[in-house]
Amino acid sequence: TNSNGNLNCSGNITASSDLDVRGGDMTTNQTTFNLINTTATTLNIGGAATTLSIGASTGTTTINNALTITGAATLNGNTALASGKTFTWTTGAIDTSGKVGIGTTAPGAQLQVTTGATTTIGQIIKAQASQTADLLQIRSSLDAVLAKIDASGNLTARTLESTVTTGTAPLTVA
């Protein structure tokens, strides 16, 4: 220890017990700093911390293993999923082909909504108070509107097949 209270050492320091750092920072003048780089298979950091900041405001932070978040997660930037990977949550998924499942982790269409119970509404499209645009459109590959539900709830379809039946009665359009 020198006169200003700093410990200077040109080799390794080995502590046979806990290391108690009472200052605010551990710093380095090197571009790479390996902290606990061998042996430890579980690393507990900041057990009493209410805020944890990793990395600078630019650059890349890489996590090489599975990540489990038990609290809320807020993503403030763009989020990318690596090619060939599936993003899954408890009741849904976005698969490698871009199919989105809500209520299912194995969507069979570009968008599949599977209700969790017989009393659950599968989808609600709610208009704004002064909605003027259509609420729903079904389009052809040439982008022509084949069917739509407008802001007033009116259903318009280009073609209506007379052979369509509901139960034993033909389809009736009011």
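Residues numbered from 1 in each chain as written. Predicted model: local features only at pLDDT ≥ 70, side-chain atom pairs only at ≥ 80, totals over all residues. Heavy atoms only, no water.

1. Here we look at the side chain of Thr 104
Mapped onto the elements, Thr 104 comes out in the loop between β3 (100–102) and β4 (111–113). Among the polar contacts listed, one links the side chain of Thr 104 to the backbone nitrogen of Ala 106, at a separation of 3.1 Å. In contact with Thr 104, other than residues within four places in its own chain, are Thr 91, Gly 92, Ala 93, Gln 112 and Thr 114. (Helix = DSSP H or I, 4+ residues; strand = E, 2+ residues; numbered from the N terminus. Polar contact = N/O pair within 3.5 Å; in protein donor to acceptor, adjacent residues only side chain to side chain. Contact = heavy atoms within 4.5 Å.)

2. Looking at the sheet that holds strand β6 (residues 145–149)
Taken together, three strands build an open sheet; the order of strands is β5-β6-β7 and the sheet is antiparallel. The sheet is open, and its two borders are formed by β5 (136–139) and β7 (155–157), each paired with just one other strand. Adjacent strand axes in the sheet meet at a mean angle of 10° when their direction is disregarded. Where β5 lies against β6, four bridges are found, and the strand directions are antiparallel. Bridge pairing in β6 places Gln 137 opposite Lys 148. (Pairing = 2+ DSSP bridges. Axes fitted to C-alpha atoms, helices over the stretch in contact; angles between N-to-C directions.)

3. What to know about the packing of aromatic side chains
What the rule picks out here adds up to one aromatic pair. Both rings, one in Phe 87 and one in Trp 89, keep their centres 5.6 Å apart while their planes meet at 50°; by these two values the pair is tilted. Among the residues examined, Trp 89 registers a relative accessible area of 33% and is labelled partly exposed. (Phe/Tyr/Trp six-rings, centres within 6.5 Å; stacked < 30°, edge-to-face > 60°. Buried < 20%, exposed > 50% of the residue type's maximum accessible area, 1.4 Å probe, protein only.)

4. Remarks on the sheet that holds strand β1 (residues 87–89)
Here we have four strands laid out as an open sheet, ordered β1-β2-β3-β4, and mixed in their pairing. Unpaired on one side and paired on the other, β1 and β4 mark the two borders of the sheet. Between one strand axis and the next, the sheet turns by 10° as a mean value, whatever way the strands run. Pairing between β1 and strand β2 (residues 92–94): three bridges, direction antiparallel.

5. Brief notes about the confidence of the model for the protein chain
With 89% of its residues at a pLDDT of 70 or more, the protein chain shows a mean pLDDT of 82. Overall, residues 162–166 carries pLDDT values under 50, and its contacts beyond four positions in sequence, including any with other chains, amount to five contacts. (pLDDT = per-residue confidence, 0-100.)

6. Examining the environment of Ala 93
Tracing the chain through its elements places Ala 93 in strand β2. Here Ala 93 is in contact with Thr 86, Phe 87, Thr 88, Lys 99, Val 100, Gly 101, Thr 104 and Thr 105, once residues within four sequence places are set aside.

7. A few points about a nonpolar patch on the surface
The grouping of Leu 19, Val 21, Met 26, Phe 33, Leu 35, Ile 36, Leu 43, Ile 45, Leu 52 and Ile 54 at the surface amounts to a nonpolar patch, some 1100 Å² of accessible area in total. Within the secondary structure, Leu 52 is located in the segment before β1. The class of Leu 52 is exposed, set by a relative accessible area of 58%. (Patch = residues over 30% accessible without salt bridge, like charges linked within 9 Å, V, L, I, M, F, W, Y side chains within 5 Å. Areas by Shrake-Rupley, 256 points an atom, 1.4 Å probe, with all protein chains shown as cover. Salt bridge = Lys/Arg side-chain N within 4 Å of Asp/Glu carboxyl O.)

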